[in-house]
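Structural overview
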Amino acid sequence: MDFTLTSDQEALQDGVRKLCEGVFPMERVRALIDVGGVDRALWRELADAGVFSLRLSEDDGGAGLGMAEAAIVFEQLGRALVPGPLVWTHLAAGRVPGAAEGDRVVGGLQRRDEPFVVEHPDVIDVLLAVDDDGLWEVDRSRLSARAVDWPLDPLTPVHVAGGLLRGERRGVPGDAVRWRLEGTVLVGAYLVGMADVLTERSVDYAKSREQFDRPIGSFQAVKHMLADMLVRTEVARSAVYAAAVHLDEPALGPPERAVSGAKLLAGEAATSNAKTATQVHGGMGFTWEVDVHLYLKRAWVLDTAFGTGDDHADTVAGLLSV
Amino acid sequence: MDLLWSESDERFRAELRAWIAEALPKLPPEPKREDWAARRARDTAWQGMLHDAGYAGINWPAEYGGRGASLSEQLVFYEEITKAGAPNVGVSVNFVGMLHAGPTLIAEGNDEQRARHLPAILKGEEVWCQGFSEPAAGSDLASLRTRAVRDGDHYVVNGQKIWTSFAQVADYCELLVRTDPESKHKGITWLILPMDTPGVDVRPLKTVLGSSEFSELYLDDVRIPVANRVGDENDGWRVAMVTFSFERGTSLVPEMVEARHQLDELARLARTVQRGDGTAWDDTGVRREIGHAAAELDALWNLVKRTVSEAARTGVPGVGASVVKLYYSELIQRIGDLALRVLDRASLSIDDVYEGSGHVVEERLRTLALTIAAGTSQIQRNIIGERILGLPR
Ligand SMILES: Cc1cc2nc3c(=O)[nH]c(=O)nc-3n(C[C@H](O)[C@H](O)[C@H](O)COP(=O)(O)OP(=O)(O)OC[C@H]3O[C@@H](n4cnc5c(N)ncnc54)[C@H](O)[C@@H]3O)c2cc1C
């Protein structure tokens, strides 16, 4: 038992952080609002860095890494708020041609209750659906979809679709189970990255913004909110890392409880931290100019991805030993 | 990142499990709550049994009777103790000796003090209490006024301590005194007080549980040898911070393991408690909150593993004991609230209405203390804000 990052993992974390800082500074992320969240050239840079292929074997052009490393990478992507169907394309690598290389952008959704809301409809090349019977490539020509002019998250454009039909089969039920678990952890990792950077940004603001001739971070009411942001992030991060390790190491037992708990807490950490960050930023927090709202909106979007907090709480409850 | 226990951890687990199964039945039954002599006898007897079997002070140095093993074995130890329902050191009358006075002596005591006390603590021969808080010095501990004046090779101590847990059965006390009234933090000294010294008067206080678990400690011309000083004169605040790092950090670990079992117990109770045509477990709201709390406890346990691993690797605990202390103490109270909701009218009785229900109600009361003792939640948030996030005071 050594629940710290190995030096290789630290190097990976560092590398992806630098990549994000270089390729996805906030101005560029904001500019992606005008192109549906994905720019092909930048997408390929992510692919070249191994974001989609890192868990494929070296023979298949990957790096042969595991979920722990994938979680580390997605945490950094979340910090930078990199938009687009990153998780789906990562899951599709090796199964949908062109996904790993960044040539095809793969989106997806869970086939559950209507209405089906399809993310990034204008930029994806392939739409996958997951249900209990397997993975499917949706035949989009037969999809009746209504465009949404004003999506909640400006970086996550959506269509509302009806009558989603299964198209060609891309995986068996066992694949669907695995995808759900992996997707849940990757979204969780992304959310933890968001929670982390929101804490950092709010602390910076609280140190520099002065009222009553003092930095607002010296007021206990503010200080304690910031302390809670850190606490939520560290608890959620522990859960997400543990869930990833459970998926890599079957000897630890069934991963479902760890995975659901992780997504539940990561979703809460990101949404709560984004709301708190808004409050700490005062009136500036309600402006389009300050980035906090982009994080809050994404946190709400991702809180619904791969199961809501309620779904996951139900799952954990069902797995308690009595 | 590796969560698998090593082979030697697993071997240790198997041996320990077998030993507990054999040893536990030999322990006398749990005495009445207020029978302090019997409680001391049982807790120290268990400690002695652990010691003789080589399971005392898992990560204490071997030269003082400890096992000298890794922190991961320590976690395995707590897991197994709890699983078996064996006495948990977190609620032992000697939790101070085992969880923070002992570790403080390991870190800050001199050879003589270590040799004198550490083996005795591990054998169950010495029980310790903590005389830090005073009526006017709680959160602002450094404002303490209990005065110690040097007289030859003794300190003469006068003052009052309060909320001293298990003082009535303690042999020694980790005592903070004021040696320099002119300065605040730099005028404090950490002393070892033998509780049988003339002038020490223990007056029990009643807790919300109706128990005389903590006391007031009156000190009237109490003579303490200078040799009992840990650290330098006026350097006691630094030593107290070391004590706190153990008290807030590792000492909650046994509780936390226990809490995970309590949650399973709550889920079991919810399936027992009648609600309409079904049970409380059929209530989606209740079930979901139990699932939520389980996820939080799992996560917190993983945070402990992260912290312990970082400590083992770098020598300093990672994101800090305050994070664990704050989160755990508030979570366990929410779990208690949930338990009362599940029990509904059965929560009016601390005697069992359903099997195990009384314990759940008692725990809700007991855990009220956790957000207060060892630094309140507000103080923990100040610490996180100022020391981890670097916010201005
Ligand atoms: C069960 C139990 C066992 C204990 N055992 C021991 C023991 O064995 N030995 C020992 O020495 N002590 C012991 N204590 C005492 C404990 O350490 C103190 O109660 C604790 O430090 C708080 O001090 P106080 O009670 O004076 O509260 P106060 O400091 O008066 O606090 C009252 C309220 O004010 C808030 N407050 C105070 N200062 C600040 C601030 N700067 N910012 C924001 N809020 C603030 C607190 O959070 C709290 O809500 C025990 C306490 C309990 C409940």
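Residues numbered from 1 in each chain as written. Chains lettered and ligands numbered in written order. Predicted model: local features only at pLDDT ≥ 70, side-chain atom pairs only at ≥ 80, totals over all residues. Heavy atoms only, no water.

Before going further, it helps to spend a moment on the pattern of salt bridges. When their charged atoms lie close together, side chains carrying opposite charge are able to pair. Under the definition given, this model contains 52 salt bridges over all chains. The network of salt bridges with shared partners includes Glu75, Arg79, Asp196, Glu200, Glu234 and Arg237 of chain A together with Arg306 of chain B. (Salt bridge = Lys/Arg side-chain N within 4 Å of Asp/Glu carboxyl O.)

Moving on, we get to the sheet that holds strand 5 (residues 144-147) of chain A. Residue and element names in this part refer to chain A. Taken in spatial order, the three strands line up as 2-6-5 in an open sheet, and their pairing is antiparallel. Edge positions in the open sheet fall to strand 2 (116-119) and strand 5, since each of these has one partner strand only. Strand after strand, the sheet turns through a mean of 35 degrees between neighbouring axes, direction not considered. Direction of pairing for strand 2 relative to strand 6 (residues 158-162): antiparallel, over a ladder of four bridges. (Pairing = 2+ DSSP bridges. Helix = DSSP H or I, 4+ residues; strand = E, 2+ residues; numbered from the N terminus. Axes fitted to C-alpha atoms, helices over the stretch in contact; angles between N-to-C directions.)

Across the contact, 48 residues belong to chain B and 49 residues belong to chain A. Summing both partners gives a buried area of about 4,400 Å² for chain B against chain A, and 67% of it is carried by carbon and sulfur. Summed over the three residues of chain B that lose the most area to chain A, namely Met1, Leu3 and Arg306 of chain B, the buried surface amounts to 20% of that side. Run the count over chain B and chain A and you get six salt bridges. With its nearest N and O atoms 2.5 Å apart, the salt bridge here joins Glu386 of chain B to Lys223 of chain A. Listed by contribution, the elements that provide at least two residues to the side of chain B that touches chain A are helix 3 (71-84), helix 7 (253-272), helix 8 (284-314), helix 9 (321-343) and helix 11 (377-388) of chain B. When residues of the side of chain B that touches chain A are assigned to their parent elements, the largest contribution, 18 residues, is made by helix 8 of chain B. Among the residues making up the side of chain B that touches chain A, the classes are represented as 22 nonpolar, ten polar and 16 charged. (Contact = heavy atoms within 4.5 Å. Buried area = accessible area lost by both parts, 1.4 Å probe. Nonpolar A, V, L, I, M, F, W, Y, C, P; charged D, E, K, R; others polar.)

Just distances and angles here, no functional claims.
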